[in-house]
Each structure stands twice: as structure tokens, then as C-alpha cells.
Number of protein chains: 2
Amino acid sequence: MNPGRSVAVIGPVLIIGTGLIGTSIALSLRRAGVEVLLEDLDSEQAQVAAGMGAGNIAGSEAEPAIVVVAVPPRHAAQVLARASDDFPFATITDVTSVKERVLAEACDLGADPERLVGGHPMAGREVSGAASARPDLLDDRLWIITPTEVTQAKHQRAAHQLAVTCGAYPVEMSAAEHDRAVALVSHAPQLLSSVLAAQLVDADAAYVQVAGQGLRDMTRIAGSESALWTDILGVNAAPVADVLDGVIYDLQRAARALRAVAAGECASINVVTEELQRGAIGRGRIPGKHGASPSTYMEVAVMLADRPGELGRLFTAVGETTVNLEDVRIEHVLGRQSGLVELSVQPDSVTTLEEALRSRGFDVRG
Amino acid sequence: MNPGRSVAVIGPVLIIGTGLIGTSIALSLRRAGVEVLLEDLDSEQAQVAAGMGAGNIAGSEAEPAIVVVAVPPRHAAQVLARASDDFPFATITDVTSVKERVLAEACDLGADPERLVGGHPMAGREVSGAASARPDLLDDRLWIITPTEVTQAKHQRAAHQLAVTCGAYPVEMSAAEHDRAVALVSHAPQLLSSVLAAQLVDADAAYVQVAGQGLRDMTRIAGSESALWTDILGVNAAPVADVLDGVIYDLQRAARALRAVAAGECASINVVTEELQRGAIGRGRIPGKHGASPSTYMEVAVMLADRPGELGRLFTAVGETTVNLEDVRIEHVLGRQSGLVELSVQPDSVTTLEEALRSRGFDVRG
């Protein structure tokens, strides 16, 4: 539930494709009292969704206000075009995670570009199918909306209302921008994480043993489902390859500079320094919590014993102060029964928090 | 303090170089009651360290049992050789983060390889100098020990005792292995994080805005101090370049495959799938907490309101169960006053924890 959000009232919505995302959208629309119709080539999936309260199986009702195409990417263009044909007044949108190719193909197949609006709710689960759907899957998630060049304003508004009614936050950009944006911030980093983790496959076990939090952070997403990512990377192939080319170029420059340094050309290290400095600048551009820069917070580190209840005692102590935590990290020390907890707070709260925790007997580190 | 550890009694230790690490080692030795002598080219630093209770300024005392050379990497070999000359019976060790070159140069300069033992306490701070030193800096950290091919057993034992007395955990490997290990798990990942973050420097602000937790995790260490990393990467240049070459090779293969897919050669995606699968295998090799594989845990996700005290309430509730938390992650939803908290627990604790939290009114997700 997302009780703090105002909910727009929208007309009947037809969901074509009652998998995880389609059924979750349907459930969140039903939660807001919206009439939902369900359609799926696999009528069993549609029955499962209807049985979960996601809406009624579509029949010969009046035209829906919005059609949401939530089928696999390779079918999306065709289904969008057919929906546009079948419902000549409805807003036609989809939920695929790559936008430019899908929308262009849909228009080539006859979809009405004035009523077509691409959509990408940025949510998912490790599982698929109607049975895994949840009414809160979209809550507090970004939902990127990509109009065509000629999408009419009322259909853009309908797509926004759809997102808001599902509990998500709409953000608008062009389809090409969307694809480049997700290639940069999601698809290429995913592949980079996998490639880094792949270097460990044949490494000596003793080497891997000294891995710290940095490597753990950088390879966390390498544990994601490879089938899902194969699909995503395949459909957004060119924008991802563009980002990889930039990464490869910079890595080659750095590797060449390091070889030169190893051969005695000490000045070549400047190339590496410059890259490290550029990295720090790039890192500073990533929005932190509530859009703040990550660098605006300071950290208070506490060494905890690894006993049940210790984290509870710590956060209860924090709750007794006036300090609001911005972020928390727990760094486990390899193989040891203890953990360093890093509490991110506003700079002017550091002293208050440190003193409060020390006075309660916590081991606060520098 | 690290009261759970047994502390070995060792003879007088001479610390040459009273910067952050040297003085921290001295303070932790003093904490254990060990006699410490301090020496620094910069007598003011040595005075600061002595004033902090790190030991006495070295004079004409009897020969120390252990000499710890804690000077900048570029001076380490020379100082090791001199110490070996000055103290013909002492164990001679250092703390530099790159080992093979330093030890080889020290031997070339006349250091006695039978008494020489490389050391690398894996700890540091964002600040430097004696005044930033802390007696607990080494607590619960790995301390890699790299004997030469001829280091005598008693000097190896002395290096182990030194590490344990400082509160650290000794791990032994050869100097070359150490350098390749840290290149793989620390130095190359650092550069990769910086290179990825550098791709954001010239990116459209709207693209960067859709960044999620994956990119934040992967670029966290790109915020580290560039001067420090320039030094480290420069001294371990060849092993780092070797790792980068492997990364570049895999990235080029993936980028070529994606270009082929974009050009219509759909089967080329298999190359990408294979890399994703290798990444998952590599990720699975990284030790988790207490040496367990990260994949042995399951996650319970809780959506929290962003109010002071909510985390305290959550962890207090967890503490009231019999469940032990293995890890915690807080994923902030971009620009929103809420956060998803992921609690990692043993698989057989998932149901217990979910039920306990739901019964206390928490919004437990999938």
C-alpha cells in the first residue's frame, strides 16, 4: 500500500499480457478502484491473474481508455500495432525495458503514433508469471514515459496518470534517450560487473580470499539471472556497445600507462591519476537519497559484536537521538564474528551521534 | 579494544616511520604492553607519535626484536636494507601495500633475506600522519605476511605474532602472489570503478538521474582519494595491467557480440550469455561473512517509512526474534521519503522473520 499518494481516477484499462509486470500493474490499478480487463494468449495465465483479483477476462466490453501491452519484448511491437487497430481511441502503451526499437517497429506495423506512448516501469522480481505478481511492485518506483514525436498531450497525460495510479513516479524522456540512459546506468554496468566477476573464475582461491567490501559491492549484480539479462542486453545491443566502447577506451589507456610505468616511464602514471580524478567527479554526479549528492553525508563507524540483537540495540540508540540516518552500510570483516557498521548522517549530526553512541557503550571508530 | 583475542608477548619493536600506519601499529602494540621505539626522519612526527603514547623516541637501546619499516613505498627498500645492517639479529618487516618489488630491491641493497618478512596490514584511513593514528586501526583486519624464499621460521613466527598482537589476522602468501591477489581483488576493481564512474562525467543529467543501486554500488570506491591510489597503482603497475588486459579482452568480446546482434546476427548473443554465466560463477567464489558463500543467504525485504526511529524499531523487532541477521542493505528509492531494507538471513529463518515482522505491522515485501 502507498497511502500517502493521491490517486488519479482513470477509465477502464486493458492489460495485454498477464505475466509478472502486467498482473502487478493490474493489481495496483484494482487497489485504486480502476476497472481492469485482462487478456493473454495463454488463457491459463489470464485466469490466474483474474483469480488473484487483478480484473476480469476481457470480452466484448466498450473500448478501454488505456491499453497496456505487457508481453515479452520480441512480441511488443506487433501487439501494440494490433491494439492500436482494435481500439482506435485508446491510449496505447507498453512496459518493455528497451524503447526505441519497439516503438519504431510498432509504428512501421501501423500503430497510431499520436496515441502511442512508450513506458518502462523500473521494477522487477527474480521470478516471473502472474502468480508472482504483487499489488505493491510498482510502489515508489520510477516509471519512464517515452512519447513519440507526435503523441498527443492527452495520451501523454493518460500514461502519467497510469503510472501515478500504480504508485510509481513518472519521468519523461525520448525513447532514444531512455535507451542510452539505461545502457549507461544499468545495462553496461551489469555487463561490467559480470566481466569483473568472471576474472575470479580461474583465480587462485587464496587470491579470492583477500577480497574486501569493494569487490563485493562491484560484483553484487553479477549474481543476477543471466537469461533475463541476455534478453535485455540483446534488445539494447547498440547503446550498450557504445558505453562499453567508452569503458574499453579508458581501460586501454590506463593499462598502457601502467605498462609504461612498469617499464620505468614514471610520468605515464599521470594518465591513471587523471582517470581516478574523473571517476570521482562522475561518482559525485550520481544522485544520493532524496536527490542529494552522496558526498554531502558523513559517516560514523561503529564496531559491533556479531550477536543477535546488537543491531537492534544500535538502531534503537540512534532512534533515541534527534539524528536521522541517511544510509547504513555493514562491512563484515572476513571470517570474523564482528562487523563494522557505517552510519551516514548530515555533517552537523556527526558529533551528536558519536557522543550518544559512545555514552551507551558502543565502540565508535574514527 | 579487541578483548576476545589472545595476545602474544613479543620483545621490543622499533617502528621506523611514524605516519598513520606506523603510529597505529605502535599504539596497538603499546595497548598490549609491548615496548615500542619510534624513529622518523621527520622528528616532529616522531614527537607527535611519542606524545600520543605510541612509545619512546629511539636512542641507543639494545637491539629490538622486530623492526617495522612503515615509510612510503619508494623509500621502503632502502630503509629495510639499512635496518637489516643496523640490527643483525632482528626480524625485519614492512607494511607497504605492494611486496615483490620492495623485497627484491631491499635484498639487492643488502638486506638479509633470512630475516626479512614482507607485511601488508590491510587497513587504512582517508587521512594520514601520526595525529590520525588509532590503536584499533588494525583490529580484525587481515595482515598479509610474505616471507622471502629463505626467511627463517622464527622470523616468520615473529611477523605472525606482530600481526596478532596488533589485533589483526595474519595470512601468509608469497610476495608475487600477494601482488597478483591485491591487483585482482582490489587494485584493478578500483580502476574499473573509476573508469565506469568517469563515463558519467559528460553524460546528460537526465540519464544519471535514473541511476539505481547497482550503479551506486559499482562506483562507491570511485570516490576514494586519487593521490593514494595513484601511488598504489603505480607501484603494482604490471600485475594491475595484467588484470585489466583480461577485463578488456572480455569486454571487447562482449562489445563485438553486441554489435553483431545489433546488425542482425542474433546468435552472437550467446557470447554475452556465457560471460554473464561466468560472472555468476566468479561472484559465487567471493567469501561472504564468516567465509560463507553469499548465495547461502536469503533476503527479507521491508519497506520502511523514512522517519527517525523506524530503523531502530525494525532492528529491535528483529532482535526480539531468534533470527540472526547475516547482512543488511538499505536501498533508497530515488527522490522519495522511503527506503527498502533487505535483511539477509539463513534460508530456514525466512518464514520466522517475515511472520514476526508482519505481526509487528511492518510492510514485508516478496
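Residues numbered from 1 in each chain as written. Chains lettered and ligands numbered in written order. Predicted model: local features only at pLDDT ≥ 70, side-chain atom pairs only at ≥ 80, totals over all residues. Heavy atoms only, no water.

A. Highlighting the overall build of chain A. When you go through chain A residue by residue, the secondary structure sums to 13 helices and 12 strands. C-alpha extents for chain A along the principal axes are approximately 70 × 55 × 40 Å. In chain A, which comprises 366 residues, the share counted as buried stands at 57%. Of the accessible surface of chain A, which amounts to about 14,300 Å², a share of 50% is contributed by carbon and sulfur atoms. The average position of the 30 basic charges and that of the 46 acidic charges among the side chains of chain A differ by 5 Å. (Helix = DSSP H or I, 4+ residues; strand = E, 2+ residues; numbered from the N terminus. Buried < 20%, exposed > 50% of the residue type's maximum accessible area, 1.4 Å probe, protein only. Areas by Shrake-Rupley, 256 points an atom, 1.4 Å probe, with all protein chains shown as cover. Lys, Arg positive; Asp, Glu negative; His and termini not counted. Charge placed at Lys NZ, Arg CZ, Asp CG, Glu CD.)

B. Here's a closer look at the sheet that holds strand β2 (residues 36-39) of chain B. Residues and elements named next belong to chain B. In space, the 8 strands of this open sheet follow the order β3-β2-β1-β4-β5-β6-β7-β8, with mixed pairing throughout. A single partner strand is all that each edge strand has here, and the edge strands are β3 (56-57) and β8 (169-172). Here strand β7 (residues 142-147) runs beside β8; their pairing, made up of 4 bridges, is parallel. Residue Ile144 lies in a different strand from β8, and its bridge partner there is Val171. Running at roughly 150 degrees to strand β6 (residues 116-121), helix α4 (residues 100-108) makes contact with β5 (91-94), β6 and β7 of the sheet. (Pairing = 2+ DSSP bridges. Contact = heavy atoms within 4.5 Å. Axes fitted to C-alpha atoms, helices over the stretch in contact; angles between N-to-C directions.)

C. Examining the interface of chain B and chain A more closely. Across the contact, 126 residues belong to chain B and 125 residues belong to chain A. Between chain B and chain A, the buried area comes to about 11,400 Å², and carbon and sulfur atoms account for 65% of it. Taken together, the connections running from chain B to chain A amount to 8 salt bridges. Asp245 of chain A serves as the salt-bridge partner of Arg259 of chain B, at 2.7 Å between the closest nitrogen and oxygen. Counting across the chain B and chain A interface gives 26 residue pairs in polar contact (both at pLDDT 80 or more). Per-element tally for the side of chain B that touches chain A: the top contributor is helix α10 (residues 237-262) of chain B, with 20 residues. (Buried area = accessible area lost by both parts, 1.4 Å probe. Salt bridge = Lys/Arg side-chain N within 4 Å of Asp/Glu carboxyl O. Polar contact = N/O pair within 3.5 Å; in protein donor to acceptor, adjacent residues only side chain to side chain.)

D. Layout of the domain arrangement of chain A. All names here are of chain A. Each domain of chain A was delimited in the assignment, giving domain 1 (13-173), domain 2 (180-285) and domain 3 (294-365). Each of domain 1 and domain 2 has a C-alpha centre, and these two points are 35 Å apart. Taking both partners together, domain 1 and domain 2 bury about 650 Å²; carbon and sulfur atoms supply 66% of that area. Our count for the contact surface shared by domain 1 and domain 2 stands at 0 salt bridges. (Domains from an automatic or database assignment.)

E. Structural detail: the nonpolar core. Within the largest apolar cluster, 86 residues are counted, with the highest numbers of intra-cluster contacts made by Leu258 of chain A together with Leu258 of chain B. Leave out the neighbours within four places in its chain, and Leu258 of chain B touches Leu191, Leu233, Ala237, Val240, Ala241 and Leu244 of chain A together with Ile269 and Val272 of chain B. Among the nonpolar cores identified, the runner-up in size contains 38 residues, and Val328 and Val341 of chain A together with Leu325 and Val328 of chain B belong to it. (Core = buried A, V, L, I, M, F, W, Y, C linked by side-chain atoms within 4.5 Å.)

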